[in-house]
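Here is how the chains run, residue by residue.
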Amino acid sequence: EYIRGFSGSSVFEYSELRRELYDDTLYVRIASLTRQTTTALLFSWLMSRVRPFRLESIIPLGAAGVLFVICAMQMNKFPFAYFLTLAAINLVRDVVPGDRPSSGRILRWLLPCAAIACVGLLFVLYRIQYRGAGLSEDRLNKVVVYRVLFCSADTLRLWFDYFPVSHPFLGVQGIPALANIMDVEPVNATRLIPENYVPGVDTTFQVGFIGSGFATLGYWGIAAYSTFVAVFVLTASHFMKRDQYAA
């Protein structure tokens, strides 16, 4: 049914496929655990282990493919964009070593080409989402540009407007894994915010670890989440560099 949705032949609307039909299934609950930052790092690490025409590359390449499918089945558009970019960067890094004079020229061409490909892919995906809705070309372009460049910043403001004036900080409830362990009802802020600001619209607002941290513990939460992300990224970078030198 997801494949039919992407091809435009499903009898269900985009929002039904993504948020209603399979919302309580085990697969969707597992898939929702992947987040953009950690997923991008994991995908980059897997792609960095791939070496052309080597048998040992089958496992990391297959794992990267599985990760792509898991994210794609959520019908989230941005994994398509950053997976494309990350795969291209990893490919150029392996094919064109950084000490060659030509590598700089190729990278200068790669970035704008990857950006154009990403925006074009998002354009196609939004066309599928809004098929039959009478969406004009001009409005579709605004949706693609706005969602990519400005939407996260605009929606993040709502977190600071809503917490703690309209709702106390979530504390443990804002961390689903801990909430389940402590037998506390978890609260999903990405759904709570749109329910209050755009009632009747079944959607989520994704604003990353800054919004999650603030909703959980306020500015202390931002500090804690930022520290965790920094440690996570540095640790992942360390292991990736170690694997690269070992190869």
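Just so we're clear, the structure is a prediction, and the values are computed from it rather than from any experiment.

What counts and what doesn't
Residues numbered from 1 in each chain as written. Predicted model: local features only at pLDDT ≥ 70, side-chain atom pairs only at ≥ 80, totals over all residues. Heavy atoms only, no water. Helix = DSSP H or I, 4+ residues; strand = E, 2+ residues; numbered from the N terminus. Buried < 20%, exposed > 50% of the residue type's maximum accessible area, 1.4 Å probe, protein only. Contact = heavy atoms within 4.5 Å. Salt bridge = Lys/Arg side-chain N within 4 Å of Asp/Glu carboxyl O. pLDDT = per-residue confidence, 0-100. Axes fitted to C-alpha atoms, helices over the stretch in contact; angles between N-to-C directions. Parallel < 35°, antiparallel > 145°, perpendicular 65-115°, else oblique. Nonpolar A, V, L, I, M, F, W, Y, C, P; charged D, E, K, R; others polar. Core = buried A, V, L, I, M, F, W, Y, C linked by side-chain atoms within 4.5 Å.

Q: Looking at this structure, how should I read the overall build of the chain?
A: Per the secondary structure count, the chain includes 13 helices and zero strands. Ordered by position from N to C terminus, the α and β elements of the chain give α-α-α-α-α-α-α-α-α-α-α-α-α. Within the span of the chain, comprising 247 residues, buried residues form 32% of the whole. Taking contacts inside the chain between residues at least 6 apart in sequence as the whole, the part at least 24 apart equals 60%.

Q: When you look at the pattern of salt bridges in this model, what are you seeing that I'm missing?
A: Pairing is possible between side chains of opposite charge, provided their charged atoms come close. On inspection of all chains with the given rule, the structure shows two salt bridges. Note that E1 is salt-bridged to R4, the shortest N-O span being 3.1 Å. The exposure class assigned to E1 is partly exposed, which follows from its relative accessible area of 29%. On the basis of relative accessible area, R4 is assigned to the partly exposed category, the value being 47%. Of the charged contacts, one joins R157 and D154 as a salt bridge, the two residues approaching to 3.5 Å between their closest N and O atoms. You can see R157 and its partner D154 sitting in helix α9 (residues 151-162), three residues apart, about one turn around the helix. Residue classification places D154 among the partly exposed positions, given a relative accessible area of 27%.

Q: Just checking my understanding: could you explain the confidence of the model for the chain for this structure?
A: Low pLDDT means the predicted atomic positions in that stretch should not be read closely. Here the chain shows a mean pLDDT of 78. Residues at 70 or above account for 78%. The lowest-confidence element of the chain is helix α7 (residues 101-129), averaging 69 in pLDDT; the highest-confidence one is helix α12 (residues 208-217), averaging 90.

Q: Got a minute to help me understand the packing of α9 against α12 in this structure?
A: As a packed pair, α9 and α12 sit with axes 10 Å apart at the nearest point and diverge in direction by 5°. Our classification of the angle between α9 and α12 gives roughly parallel. In this structure, α9 uses L156, W159 and F160 to contact α12, whose residues at the interface are I210, G211, S212, F214 and A215. Residues of the contact of α9 with α12, tallied by class, amount to six nonpolar, two polar and no charged.

Q: For this particular structure, what's the right way to read the nonpolar core?
A: As a rule of thumb, soluble globular proteins bury nonpolar side chains together. One finds W159, Y162, F163, L170, A189, I193 and A215 to be the most contacted residues of the largest nonpolar core, which totals 13 residues. Mapped by element, the contributors of at least two residues to this core are α9, α11 (189-197) and α12. With residues up to four places along the chain from it excluded, the contact list for F163 reads P168, F169, L170, L192, I193, F214 and A215.

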